[in-house]
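Structural characterization, general
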Amino acid sequence: MIDLSVNLAGIQLKNPTILASGIMGVSASSLKFVEENGAGAVTIKSIGHNERFGHHNPTVYAWEKGIHNAVGLSNPGIDGSKDKIQKSIKILKIPFIGSMFADTISNFVMVAEKMAVLKPAIIELNLSCPNTADDLGRMYASDVKMTYDVISSVKKVVGNIPLFAKLTADVTDITEIGKSAESAGADGLTAINTVSGINIDTKLKRPILTNKVGGLSGPAIRPIGVRAVYNLYKAVKIPIIGTGGINTGEDAIEFIMAGATAVGIGSGIYYRGIDIFKKVTTEIEEFMKKEGYNSIEEMRGVAHKN
Ligand SMILES: Cc1cc2nc3c(=O)[nH]c(=O)nc-3n(C[C@H](O)[C@H](O)[C@H](O)COP(=O)(O)O)c2cc1C
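The protein chain is annotated in an unreviewed UniProt entry as Dihydroorotate dehydrogenase. What UniProt records for the protein chain under Function (unreviewed entry) is the sentence "Catalyzes the conversion of dihydroorotate to orotate." Reading the Sequence similarities (unreviewed entry) entry of the UniProt record for the protein chain gives the comment "Belongs to the dihydroorotate dehydrogenase family. Type 1 subfamily."

Our focus in this paragraph is the sheet that holds strand E6 (residues 66–69). One open sheet accounts for four strands, arranged E5-E6-E14-E11; its pairing is antiparallel. Each edge of the sheet is formed by a strand with only one pairing partner; in this case those strands are strand E5 (60–63) and strand E11 (195–197). In this sheet, adjacent strand axes meet at a mean angle of 30° when their direction is disregarded. Taken together, the four bridges between E5 and E6 define a ladder with antiparallel strand orientation. Residue Ala62 lies in a different strand from E6, and its bridge partner there is Ile67.

Membership of the largest hydrophobic core comes to 86 residues, with the highest contact counts inside it found for Leu125 and Val229. With residues up to four places along the chain from it excluded, the contact list for Leu125 reads Met100, Phe108, Val150, Ile151, Val154, Leu163, Phe164, Ala165 and Lys166.

Among the 28 residues in the neighbourhood of the ligand, the closest are listed as Ala20, Gly22, Ser217, Gly266 and Ser267. At the level of elements, E6 and strand E16 (262–265) are the ones that each hand at least two residues to the shell around the ligand. In terms of residue class, the shell around the ligand is made up of nine nonpolar, 17 polar and two charged.

For the rest of this paragraph, the subject is the packing of helix H7 (residues 249–258) against helix H9 (residues 276–291). For any two helices packed against each other, one specifies the crossing angle of their axes together with the interaxial distance. Contact geometry for H7 and H9: axes closest at 8 Å, N-to-C directions at 70°. Comparing the axis directions of H7 and H9 gives the class roughly perpendicular. Between H7 and H9 lies a crossing whose hand is right-handed. Each of Gly249, Glu250, Ala252 and Ile253 in H7 lies in contact with H9, whose residues at this interface are Val280, Glu283, Ile284, Glu286 and Phe287. In terms of residue class, the contact of H7 with H9 is made up of five nonpolar, one polar and three charged.

Let us now look at the UniProt feature "binding site: FMN" (unreviewed entry) in the protein chain. Here the UniProt-annotated "binding site: FMN" (unreviewed entry) positions come out as Ser21, Lys45, Ser46, Asn126, Lys166, Ile192, Gly218, Gly244, Gly245, Gly266 and Ser267. Examined against the element boundaries, Lys45 turns out to sit in the loop between strand E4 (41–43) and E5. On the neighbour-count criterion, Lys45 (22 C-beta atoms within 10 Å) is buried. In this view, Lys45 contacts Ser21, Gly22, Gly25, Val26, Asn75 and Ser99; residues no more than four positions away in its chain are not counted. Relative to the elements of secondary structure, Gly244 occurs in the loop between strand E15 (240–243) and H7.

Conventions used here
- The residue numbering used here restarts from 1 in each chain and proceeds along that chain's sequence as written.
- Given that this is a predicted model, residues contribute local features only at a pLDDT of at least 70 and side-chain atom pairs are listed and counted only at 80 or more, while totals for whole chains, interfaces and linings are drawn from all residues.
- UniProt positions are given in the numbering used here, feature names are shortened, and annotations may be inferred rather than shown by experiment.
- Strand pairing requires that DSSP identify at least two bridges connecting the strands.
- Per the convention used, a helix needs a DSSP run of H or I reaching at least four residues, while a strand needs a run of E reaching at least two, with both numbered from the N terminus.
- Under this scheme, a helix contributes an axis fitted over its contacting stretch, all axes are lines through C-alpha atoms, and angles between N-to-C directions fall in the 0 to 180 degree range.
- Note on definitions: a nonpolar core is a set of buried residues drawn from Ala, Val, Leu, Ile, Met, Phe, Trp, Tyr and Cys, linked by C-beta atoms within 7 Å.
- Three classes are used. A residue is buried when 20 or more other C-beta atoms lie within 10 Å of its own, exposed when 12 or fewer do, and partly exposed in between, with C-beta atoms placed from the backbone.
- Throughout, a pair of residues is in contact if the C-beta atoms placed from their backbones lie within 7 Å.
- Placing the C-beta atom from the backbone, one calls a residue near a molecule or strand if that atom lies within 6 Å of it.
- Residues are grouped as follows: Ala, Val, Leu, Ile, Met, Phe, Trp, Tyr, Cys and Pro are nonpolar; Asp, Glu, Lys and Arg are charged; every other residue, Gly included, is polar.
- Note on angle classes: values under 35 degrees are labelled roughly parallel, values over 145 roughly antiparallel, values of 65 to 115 roughly perpendicular, and the remainder oblique.
- Each helix crossing is assigned a hand: it is left-handed if the near helix lies turned anticlockwise from the far helix by less than a right angle, otherwise right-handed if that turn is clockwise.

Here's what the structure looks like:
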């Protein structure tokens, strides 16, 4: 009997696939649809301290190696999302991950307090989008001290809800940030967010996205994500949600063999449809049968042994 379940910081998942943040919004019906299509858990689009409209179009561009977006963290804010979050948690049978961001530490604490009251299974701090209040363009996870300060402050107000920090690979050494998050009290890490890049329209002679710079996701970034997880696994003891370019079961297994406890899937929905969660889980199971693994646990981190 093959066991596909995983224990993620004390939260039990029936399989390791998780809807990544930002892909299917916050509404209960879309999250339920993801559950029906086989996900082990769902993450909502990051919710901030107030309503935000995001950047002007074009904000998303699908190029041949992946997706490029600069949506600009558009969201209704924590007060405008409360009812939807409550409804989602009520109707979902699988764990709900509340992703959030803010510009200042006090706003992070305020949003986290309001999110914690709603009792998500996990709170994920999106520290990997450029949204600091000081110079509007830094990411909390680009700096060891900022990472420590925001996590240690938020940790005080979330009670026993596991706290995850979502990191970026756009740093010199992600393990320094991961270690800082762990020592500040993070119960887990999510790696990676999108990777910063520019695509230029050679006919119009200007960047394609209105914001010029955007985040790359999809197949192009998978080896960057796997490297981040591989290095973090050696540096920290807390569990990691490996994310970035997962389209198939074997892609997911790369992350698990690098050390991930669970895997996030976002852009893959664009490539393989909403039932990608079922497809990836079936492909993981087929691989395990063929290779003689009985549990996900047995596969975790094996790439470090060979
Ligand atoms: C359109 C779009 C919106 C996103 N919005 C968020 C967000 O609100 N918060 C967040 O933490 N990550 C966000 N992400 C990043 C994804 O959660 C994920 O980390 C990244 O896309 C890499 O995974 P993938 O290649 O499977 O998409 C977004 C990605 C895309 C493509």
